[in-house]
Amino acid sequence: MAKYKKKRARELKQDKFRDTTMRLLDRASDRLEGRGRTILYSIAGIIILAVIVGLVVRWSNRRADEARQALGHAITIASTPVSATPRVGSTAPSFASEQERAQKAIEEFQKVAAKYGEPYRTQARYFIAANLLYLDRDKAIAQLTELTRSSNVEVATLSKFALAQAKESDKKWDEAAALYIELNKQNSAVVTPETANLRLAMVYEKQGKKKEASDIFFGIVDAARKAKDTEGNPAPESQAAREAAQELQKIDPERYAKLPREAPAGQVL
């Protein structure tokens, strides 16, 4: 009899647990009743959104590759050597003059600017302005001046350098010098302070400011010959440093003689 009572008590306890559990499930079911379709729609929406994002990313990457190829093609045209006689057997474009080459390059860059978004549009605009220097100098300078204020820092820097070179070519020495000084202060990797300083010294040399030019040339070469790489070996000299050394030797041989000796190629300390 005692065993029966204990067994019955366990059964009643289990029934109570089962009933409580079922009531909780019923409540949850009531709460979700009518929402099943909404939940399914939400899940489907998330899946569709993920698919769309994937397609957009894939399209964007393909579009970027296409833009880079188009820009590269235009740059290739702009950098093609000018030749009065086309190369026999070559399918590469040939141009008899810089003006002819510039016109063709501009046409290709205009296609890039019209078809693609940033940063390719602004990059193409810079190349258009640079090539316009061969065709319409005033218009080119106006466009380069505008691009020096571009939010694209690389394009703004390159435009300022091209503008400075144009001013230098036009013998507007003070304007060119001011731009090179600005570029030097920018400390950019696109147009390095070394390159900007070299051009500034060249301007001073043309203005007859021998001491100012000599000081800059000496500073460029001295720093380059004292520079070390990460392993403590002499760092290779840049093209700007080599040009500065040649100019210094030409305009001030005595100052040139005071420079540190150039490290032999491949020397390891």
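Everything below is about the structure shown above.
Residues numbered from 1 in each chain as written. Predicted model: local features only at pLDDT ≥ 70, side-chain atom pairs only at ≥ 80, totals over all residues. Heavy atoms only, no water.

This part is about the overall build of the protein chain. Looking only at helices and strands, the protein chain features 11 helices and 0 strands. When the helices and strands of the protein chain are placed in sequence order, the string is α-α-α-α-α-α-α-α-α-α-α. A buried classification covers 31% of the 269 residues belonging to the protein chain. For the protein chain, restricting intrachain contacts to residue pairs at least 6 apart in sequence, the fraction spanning at least 24 positions comes to 51%. Here the protein chain has roughly 17900 Å² of accessible surface; of this, 55% comes from carbon and sulfur atoms. (Helix = DSSP H or I, 4+ residues; strand = E, 2+ residues; numbered from the N terminus. Buried < 20%, exposed > 50% of the residue type's maximum accessible area, 1.4 Å probe, protein only. Contact = heavy atoms within 4.5 Å. Areas by Shrake-Rupley, 256 points an atom, 1.4 Å probe, with all protein chains shown as cover.)

So, on to the packing of aromatic side chains. Scanning the model with the defined rule gives 3 aromatic pairs in all. Put simply, the rings of Phe109, Tyr126 and Phe127 pair up and form one aromatic cluster. Between the NZ or CZ atom of Arg255 and the centre of the ring of Phe218, over which it lies, the distance is 4.5 Å. (Phe/Tyr/Trp six-rings, centres within 6.5 Å; stacked < 30°, edge-to-face > 60°. Lys NZ or Arg CZ within 6 Å of the ring centre and 35° of its normal.)

As for its position among the elements, Lys160 is in helix H6 (residues 153-169). A polar contact is formed between the side chain of Lys160 and the side chain of Gln186, at a distance of 3.1 Å. In contact with Lys160, not counting residues within four places along its chain, are Thr148, Leu179, Glu182, Leu183 and Gln186. (Polar contact = N/O pair within 3.5 Å; in protein donor to acceptor, adjacent residues only side chain to side chain.)

Time to look at unusual backbone geometry. In this structure, the amide linkage connecting Glu118 to the following residue, Pro119, adopts the cis form with an omega of 5 degrees. Residue placement: Pro119 occurs in the loop between helix H3 (98-115) and helix H4 (120-132). Positive phi outside glycine occurs at Lys171, with the angle close to 65 degrees. Even without being glycine, Asn187 reaches a positive phi, approximately 55 degrees. Relative to the helices and strands, Asn187 resides in the loop between helix H7 (173-186) and helix H8 (193-206). For Asn187, a relative accessible area of 58% gives the class exposed.

Look at helix H9 (residues 210-226): 24 Å from first C-alpha to last across 17 residues, which is about the 24 Å you get at 1.5 Å a residue. Those residues of H9 that are buried are in contact with H8, helix H10 (239-251) and helix H11 (253-257). (Expected span 1.5 Å × (residues − 1).)

Turning next to the packing of H7 against H8. Contact pair H7 / H8: the axes reach a minimum separation of 8 Å and the direction vectors enclose 160 degrees. Accordingly, the angle class assigned to the pair H7 and H8 is roughly antiparallel. When you trace H7 past H8, the crossing you get is left-handed. Each of Trp173, Ala176, Ala177, Tyr180, Ile181, Leu183 and Asn184 in H7 lies in contact with H8, whose residues at this interface are Pro193, Ala196, Asn197, Arg199, Leu200, Val203, Tyr204 and Lys206. (Axes fitted to C-alpha atoms, helices over the stretch in contact; angles between N-to-C directions. Parallel < 35°, antiparallel > 145°, perpendicular 65-115°, else oblique. Left-handed = near helix turned anticlockwise from the far one by under 90°.)

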